[in-house]
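# Structure at a glance
Spelled out from the first residue to the last, the chains are:
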Amino acid sequence: MNEDYIKKFEEAKERIIRAENSNELEEIKREVLGKQGFLTQLLRSLGKLPQEERVKLGRLVNEWKEVLEKLYEEKEKELKYKTLQNKLYQENIDITLPGRKKIVGKIHPINQVIEEILSVFKEMGFQVVYGPELETDYYNFTALNIPEDHPVRESHDSFYIDKEHLLRTQTSPVQVRVMEKKKPPLRIVAPGKCYRRDMPDATHSPMFHQIEGLAVDTDITFAELKGVLSIFAHRLFGKDRKVYFIPSYFPFTEPSAEMYVECGVCKGEGCKACGYSGVLEILGCGMVHPQVFRVVNIDPEIYSGFAFGMGPDRIAMQIYGIDDIRLFYENDVRFLKQF
Ligand code: DAH
């Protein structure tokens, strides 16, 4: 027996034991146990030996083969296990990490208040309608009995797009649009955004909301106006909240009034929330001016109506005890999710 073969056998054992990955192990298998491998060659060469030696050597070579095959199998198992462990380690998930919170969307607090107000009027037979935010000078002012040089135009610091078009400063033009298209009896409420060039501060925002109301029929009286708006205020603020109607002026109503409710914070005593007046202004209202009826071809001798306009932003501030209107429009989720 050639010393070389013993060395080769020992070497092969070593290489199998040391193999670091399955590619390397396969390579070794081919070199050692394959057709061109030294063991196969050795077995082939046995034929030339005399019988006695051939048997002896044949047995030895077969023993070697078994040893190497066994080593190979063990190594193969070991490497497979290692690969799996590596994969598991790489794909490891840290189950102690906190999960991602799903933020559930909510209706904006102002829209919640608008919905609530609309639902009270819907129960009283009012229909919800909408008008455009981009208005013409005619609908926003002229048709509402506010001619070009009327001083009220100055108090509605407007965003004009061109000579004729502006962002509506109030929802009142919806009254005109509705009466142009539909004949009385009419009972509508029109919510929506309005725009005025006001510097933002705690009580002003250049974009704000209004809800307009209009009722037209043959026998509408100021008493019905008071009744409907009192019911509304009591539904929204509670039965024992006092309401007051105070004479006022609007170009498109005659007579006109402002409705106040007792301050909910101080119960009429006077506090910071109500500017120490004990009351809060909720809306403007009045009987539809005959001139407005004439513009839309409704005969003021036959029909009468009442109208009102309110600011849900300020009502929301009162309901939720918010002292700065800007908080509603900054859309900080931490603020919004409280409602
Ligand atoms: N549009 C008025 C404003 O923005 C509010 C208003 C007052 C609307 C009286 C009305 C009304 O319909 O009758 O100041």
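Residues numbered from 1 in each chain as written. Predicted model: local features only at pLDDT ≥ 70, side-chain atom pairs only at ≥ 80, totals over all residues. Heavy atoms only, no water.

### Structural notes on the domain arrangement of the chain
Let me state the cut-off plainly: Annotation comment: domain bounds sourced from an automatic or database domain assignment.
Segmentation of the chain into domains returns domain 1 (3-90) and domain 2 (109-336). For domain 1 versus domain 2, the distance between C-alpha centres works out to 95 Å.

### Re the sheet that holds strand β9 (residues 304-310)
The test is simple: Strands pair, by our definition, only if DSSP identifies at least two bridges between them. Elements are defined by DSSP. Helices are runs of H or I of four residues or more, strands are runs of E of two residues or more, and each kind is numbered from the N terminus. Contacts were defined at the residue level, with two residues in contact if any of their heavy atoms lie within 4.5 Å. Simply put, an axis is a line fit to the C-alpha atoms, just over the touching stretch for a helix, and the angle between two N-to-C directions goes from 0 to 180 degrees.
Read across the open sheet, the 7 strands follow the order β1-β4-β5-β9-β8-β7-β6; overall the sheet is mixed. Only two strands of the sheet have a single partner each, and these edge strands are β1 (127-128) and β6 (243-250). The pairing of β1 with strand β4 (residues 186-195) spans 2 bridges and is classified as parallel. Following the sheet pairing, Val128 is matched in β4 by Val189. The strands touched by helix α9 (residues 222-237) within the sheet are β4, β6, β7 (253-262), β8 (279-288) and β9, with β8 carrying the most contacts at an inclination of about 150°. Helix α11 (residues 312-320) rests against β5 (207-217), β8 and β9 of the sheet, and its axis sits at about 110° to β5.

### With respect to the environment of Arg294
The condition is simple: Buried, partly exposed and exposed residues are distinguished by accessible area as a fraction of the type maximum, computed with a 1.4 Å probe on protein chains only: under 20%, between the cut-offs, and over 50%, respectively.
Inspection of the secondary structure assignment puts Arg294 in helix α10 (residues 290-295). Arg294 sits in the partly exposed class, given a relative accessible area of 48%.

### As for the side chain of Thr169
On the secondary structure map, Thr169 appears in the loop between β3 (165-167) and α8 (173-181). Residue classification places Thr169 among the buried positions, given a relative accessible area of 0%. Contacts of Thr169, omitting those with residues within four sequence positions, involve Asn140, Phe141, His156, Ser158, Cys194, Tyr195, Arg196, Phe208 and Gln210.

### Re the site of the ligand
As a reminder of what qualifies: A cutoff of 4 Å decides nearness: a residue is near a molecule or strand if any of its heavy atoms lies inside that distance of it. Polar contacts here mean pairs of N or O atoms no more than 3.5 Å apart (in protein, one a potential hydrogen donor and the other a potential acceptor; neighbouring residues in sequence count only if both atoms are side-chain atoms). Where accessible areas are quoted, they stem from the Shrake-Rupley method and a 1.4 Å probe; at the residue level, only the protein chains shown are allowed to cover.
Lining the immediate environment of the ligand, one finds 15 residues, of which Gln170, Ser172, Arg196, Gln210 and Glu212 sit closest. At 3.0 Å, a side-chain N or O of Gln175 approaches an oxygen atom of the ligand. Glu212 places a side-chain nitrogen or oxygen 2.6 Å from an oxygen atom of the ligand. Within the complex, the protein chains bury 91% of what would otherwise be the 360 Å² of accessible surface of the ligand. Elements that contribute at least two residues to the shell around the ligand include exactly β5, β8 and β9.

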